[in-house]
Amino acid sequence: MKKRFFYLITIQYLGYRFHGWQKQPKLKTVHLMIDKTMRYIMDGKPFKTLGSGRTDAMVSAQEGAFELFLEDEIEDKVAFLELFNYNLPQDLRALSITEVNKDFNVINASKMKEYVYVFAHGAKYHPFCAPLMTTILDPLDIEKMKLGAKLFEGAHNFKTYCYKPSETGVFNRIIDTCELVDNTLFTANFFPEQSYMLRVKGKGFMRNQIRLMMGALIKLGKHEITLEYIQESLKPESTEVMDYIAPASGLVLNAVEFEKTT
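Note that the structure is predicted; figures quoted are calculated from it, not measured. (Residues numbered from 1 in each chain as written. Predicted model: local features only at pLDDT ≥ 70, side-chain atom pairs only at ≥ 80, totals over all residues. Heavy atoms only, no water.)

### Side note on the overall build of the chain
Short version of the rule: Numbering of helices and strands runs from the N terminus, with a helix taken as a DSSP run of H or I at least four residues long and a strand as a DSSP run of E at least two residues long. In this setup the radius of gyration rests on C-alpha atoms only. A globule is expected at 2.2 Å times the number of residues raised to 0.38. When accessible area is computed with a 1.4 Å probe and restricted to protein chains, residues below 20% of their type maximum are described as buried, those above 50% as exposed, and intermediate ones as partly exposed.
Of the regular secondary structure elements, the chain holds 5 helices and 10 strands. Scaling as 2.2 N^0.38, a compact globule of 262 residues should have a C-alpha radius of gyration of about 18 Å, and the chain matches this with 20 Å. Each principal axis of the C-alpha atoms in the chain carries an extent, and together these give about 60 × 45 × 30 Å. Of all 262 residues assigned to the chain, the portion counted as buried reaches 49%.

Now the structure itself:
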């Protein structure tokens, strides 16, 4: 049996013009562009790519990952990465390439993900902010939102914060970090003087979970819901449905950390 080779490639991309990660008919997606570029540089040699997870339309990644399966070894990884980047579109960049063993699976591997949600409030800001930042025109109570964010930390039932939950869904999850802090991660001369970000870290998230959590915090900041409402919504017996999903373009997959790659 012919030996196969396995590689973990980390990437970053601006999601504003992409319809998410997953391939879809007649739509431009991140996975489509990766495979299209890979097909060109592999020059007819067989390959397969598998993403570590999906991002929604317009969601960006500071650091994502995918696994590359090949029948031939990459002898010069630096040159391969340079060639890959040379042919990728300008809003997508490969960061690193590491060989992994055949038992590694980029989807099932134990990993920690960190997302940030970047936002500003109270005014209409420069249109160039739109790809990376959500602007809430109404004033928000940031201090109350900071208290609300901490309520999501720990082990809770997050069914309220899952889009169209199924009967068989696993809603008991653990969030290691959830905090609302000043945005010092992304800066530009057209950004507002003050912006913020929700920072969330955990092993796994459900469909639209972070955007629904952010939606709740925005409603909290507008005094439309209370801290007690969020506390109650995280209990196993909660039947609440969060009706506001925060816009996608403020959400960024900031990091993916694998516990073991060999």
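Once the structure has been displayed, the description carries forward.
### Focus on the pattern of salt bridges
Defined as follows: Salt bridges are defined as contacts in which a side-chain nitrogen from Lys or Arg sits within 4 Å of a carboxyl oxygen from Asp or Glu.
Applying the stated criterion across every chain yields a total of 12 salt bridges. One salt bridge connects Arg211 with Asp56, and the closest N-O pair in it is separated by 3.4 Å. Residue Arg211 is found in helix H4 (residues 209-221), and its partner Asp56 is found in the loop between strand S2 (47-51) and strand S3 (60-70); the two are separated by 155 residues along the sequence. Residue Arg211 is classed as buried on the basis of its relative accessible area of 14%. The class of Asp56 is partly exposed, set by a relative accessible area of 30%. One network of salt bridges, with partners in common, ties together Glu114, Glu179 and Arg199.

### Observations concerning the packing of helix H1 (residues 30-42) against helix H2 (residues 77-87)
Condition: Structural elements are reduced to axes, namely lines fitted to C-alpha atoms, with helices fitted over the stretch in contact, and the angle between N-to-C directions of any two is expressed from 0 to 180 degrees. Orientation categories follow fixed angle ranges, with anything under 35 degrees roughly parallel, anything over 145 roughly antiparallel, 65 to 115 roughly perpendicular, and all other angles oblique. Crossing handedness: left-handed means the near helix sits turned counterclockwise from the far one by under a right angle, and right-handed means the same turn made clockwise. What makes two residues a contact is simply this: any of their non-hydrogen atoms within 4.5 Å. Three classes are used: nonpolar for Ala, Val, Leu, Ile, Met, Phe, Trp, Tyr, Cys and Pro, charged for Asp, Glu, Lys and Arg, and polar for all others, with Gly counted as polar.
At a minimum axis separation of 9 Å, H1 and H2 run at an interaxial angle of 120°. Here H2 runs oblique to H1, going by the angle between their axes. The hand of the H1/H2 crossing is right-handed. Taking contact as the criterion, the partners of Ile34, Thr37, Met38, Tyr40, Ile41 and Met42 in H1 are, on H2, Phe80, Leu83, Phe84 and Asn87. Tallied by class, residues from the contact of H1 with H2 come to 8 nonpolar, 2 polar and no charged.

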